[in-house]
Amino acid sequence: MNKTMKIIEKILFIISIIAIIIGIAIVFLYSHKNEDGLFKFGDVFFLSVNDNDMSPEFKKGDLVILQSKDPKEYHINNIIGYYIADANGNIYTKLSTIVDGYSNDSSTSYLFMVKSGNNDKVTLSGGDVIGEWTGTSISNGAIIINFMTTRIGIIICSVLPLFIFFTLEFIILIIKYLNRDKLITISN
């Protein structure tokens, strides 16, 4: 019984540490989410891939890491994330490859041509660009983060494990209290 209790206590300790780490990660993500729903840390953005236009390199649900740069530092064949509006005026994010780019004489505005999913070209201003792909992406990372930051995700990933931990710790405490006389007589 004593050996079993120690194993259960170790498992509970590991569960509580994992739940605390996940809880800290959720708070950290929430505190670094900008008004557009992107997670931003300095000039680094985490963009959710919303379609399969860049497949097989990126699939819907992948998390892509972008670095914000000065518009004149973007070049043809760079993969960039950008804001674009749909027919209803709703703004969303997209990931594409630059196929052409130019600036006006004063070099204050930059325009980029990017491929869209059906090989059409879309023109963007430099202000529409979020950042350039850093070469790092996390397969299905956006799905995981989006789940973790929902109400049910917070409950399942953080609150529930802590509740289980405290409940089981309370039960172990009661069992030890009820068996205290046995422990005292064994040690004498």
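Just above sits the structure.
Definitions and cut-offs
Residues numbered from 1 in each chain as written. Predicted model: local features only at pLDDT ≥ 70, side-chain atom pairs only at ≥ 80, totals over all residues. Heavy atoms only, no water. Helix = DSSP H or I, 4+ residues; strand = E, 2+ residues; numbered from the N terminus. Buried < 20%, exposed > 50% of the residue type's maximum accessible area, 1.4 Å probe, protein only. Contact = heavy atoms within 4.5 Å. Areas by Shrake-Rupley, 256 points an atom, 1.4 Å probe, with all protein chains shown as cover. Core = buried A, V, L, I, M, F, W, Y, C linked by side-chain atoms within 4.5 Å. Pairing = 2+ DSSP bridges. Phe/Tyr/Trp six-rings, centres within 6.5 Å; stacked < 30°, edge-to-face > 60°.

(A) Broad picture of the overall build of the chain. Within the chain one finds 4 helices and 8 strands. In the chain, the succession of helices and strands from N to C terminus is α-β-β-β-β-β-β-β-β-α-α-α. Taking all 188 residues of the chain together, 31% fall into the buried category. Residue pairs at least 24 apart in sequence account for 52% of intrachain contacts in the chain once pairs closer than 6 positions are excluded. Summing over all exposed atoms, the chain offers an accessible surface of approximately 11900 Å²; the carbon and sulfur share of this is 62%.

(B) Representation of the environment of leucine 29. Examined against the element boundaries, leucine 29 turns out to sit in helix α1 (residues 2-31). Here leucine 29 falls in the buried class, since its relative accessible area comes to 11%. The sequence separation of leucine 29 and lysine 40 amounts to 11 residues, and the corresponding C-alpha distance is 8.8 Å.

(C) Region of interest: the nonpolar core. Listed in full, the 12 residues of the largest apolar core are Leu38, Phe45, Leu47, Val49, Met54, Phe58, Val64, Leu66, Ile79, Tyr83, Leu95 and Ile130. Within the residue set of this core, elements represented by two or more residues are β2 (44-48), β3 (63-67) and β4 (79-85). Contacts of leucine 66, omitting those with residues within four sequence positions, involve Asp43, Val44, Phe45, Leu47, Gly81, Leu95, Ile130, Gly131, Glu132, Trp133 and Thr134.

(D) The arrangement of the pairing of β2 in detail. Pairing of strand β1 (residues 39-41) with β2 involves 3 bridges; the strand directions are antiparallel. Among the inter-strand pairings, phenylalanine 41 is bridged to a residue of β2, identified as valine 44. Pairing of β2 with β3 involves 5 bridges; the strand directions are antiparallel. Considered in β3, the bridge of serine 48 is made with leucine 63.

(E) Summary view of the packing of aromatic side chains. This structure, assessed with the given rule, holds 1 aromatic pair. Note on phenylalanine 58 and tryptophan 133: the rings are 4.9 Å apart at their centroids and 85° apart in plane angle, and the pair reads as edge-to-face. In this pair, phenylalanine 58 sits in the loop between β2 and β3 while tryptophan 133 sits in strand β8 (residues 129-138), placing the two residues 75 residues apart along the sequence.

(F) Molecular detail of the environment of methionine 5. Looking at the secondary structure, you find methionine 5 in helix α1. Separated by 167 residues in the primary sequence, methionine 5 and isoleucine 172 place their C-alpha atoms 7.5 Å from one another. Discounting residues that sit within four places of it in the chain, methionine 5 has contacts with Ile172 and Ile175.

(G) Local environment of the pairing of β8. Alignment of β3 against β8, held across 4 bridges, turns out to be antiparallel. Following the sheet pairing, leucine 66 is matched in β8 by tryptophan 133.

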